[in-house]
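Tertiary structure, described
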Amino acid sequence: QVQLVESGGGLVQAGGSLRLSCAASGRTFSSYAMGWFRQALGKEREFVAAIRWSVGTTYYADSVKGRFTISRDDAENTVYLQMNSLKPEDTAVYYCAADPVFRPSAWHGGRMDYWGKGTLVTVSS
């Protein structure tokens, strides 16, 4: 059974940084796509970033490109999202997700097979 547990959320001032972690267990994730999504209050869940675990190729939403970095640690089975130059509009619940099938076309519809419970990021102005 796949389990994804996010941590690292919190309150930060605009311009600050946070690093989110997603501890993954229950599978061998070497062939998986791992992603970060977010959902702001009253809005739909949106794609933030993804990484293809096997080769480390990364993908980003235009809104976070150049500010956020997704990475993975094979030994720790953990995926990270380093968030720099945070803006108030980055405020949202951030979710870690995993998919055994590499299908980028599904990401913008918020479709991955497994999801964590989320961690709240609040950016104050």
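In this report, the structure presented in the accompanying data block is examined. Remember, it's a predicted structure, so these values are computed and weren't measured experimentally. (Residues numbered from 1 in each chain as written. Predicted model: local features only at pLDDT ≥ 70, side-chain atom pairs only at ≥ 80, totals over all residues. Heavy atoms only, no water.)

1. Examining the pairing of strand S4 (residues 33-39)
- Extensive coverage of S4 is indicated by the burial of six of its seven residues.
- Relative to strand S5 (residues 46-52), S4 is paired through six bridges, and the arrangement is antiparallel. Bridge pairing in S5 places Trp36 opposite Ala49.
- Where S4 hands over to S5, the hairpin turn is made up of six residues, of which Gly42 adopts a positive phi near 80°.
- Direction of pairing for S4 relative to strand S9 (residues 92-99): antiparallel, over a ladder of seven bridges. Bridging from a neighbouring strand, Ala33 pairs with Asp99 of S9. (Buried < 20%, exposed > 50% of the residue type's maximum accessible area, 1.4 Å probe, protein only. Helix = DSSP H or I, 4+ residues; strand = E, 2+ residues; numbered from the N terminus. Pairing = 2+ DSSP bridges.)

2. Side note on the side chain of Glu6
- Position of Glu6 relative to the elements: it lies in strand S1 (residues 3-7).
- An unpaired buried charge is present at Glu6: no salt bridge exists, and Arg45, the closest side chain of opposite charge, is 8.1 Å distant.
- A polar contact is formed between the side chain of Glu6 and the backbone nitrogen of Gly118, at a distance of 2.9 Å.
- Not counting chain neighbours up to four residues away, the residues in contact with Glu6 comprise Ser21, Cys22, Trp36, Tyr94, Tyr95, Cys96, Gly116, Lys117, Gly118 and Thr119. (Lys, Arg positive; Asp, Glu negative; His and termini not counted. Salt bridge = Lys/Arg side-chain N within 4 Å of Asp/Glu carboxyl O. Polar contact = N/O pair within 3.5 Å; in protein donor to acceptor, adjacent residues only side chain to side chain. Contact = heavy atoms within 4.5 Å.)

3. Things to note about unusual backbone geometry
- A positive phi angle, close to 50°, is found at Asn77, a residue other than glycine.
- Tracing the sequence through the fold places Asn77 in the loop between strand S7 (68-73) and strand S8 (78-83).
- Look at Ser85: it is not a glycine, yet its phi comes out positive at around 50°.
- Take Ser85: its relative accessible area is 41%, and that puts it in the partly exposed class.

4. Some remarks on the state of the cysteines
- Applying the stated criterion to the full structure yields one disulfide.
- Across the disulfide, Cys22 is cross-linked to Cys96 (sulfur-sulfur distance 2.0 Å). As the torsion about the S-S bond is roughly -75°, the Cys22-Cys96 disulfide counts as left-handed. Of the two residues, Cys22 is situated in strand S3 (residues 18-25) and Cys96 in strand S9; the sequence distance between them amounts to 74 residues. Of the two residues examined, Cys22 and Cys96, each falls in the buried class. (Disulfide = S-S within 2.5 Å.)

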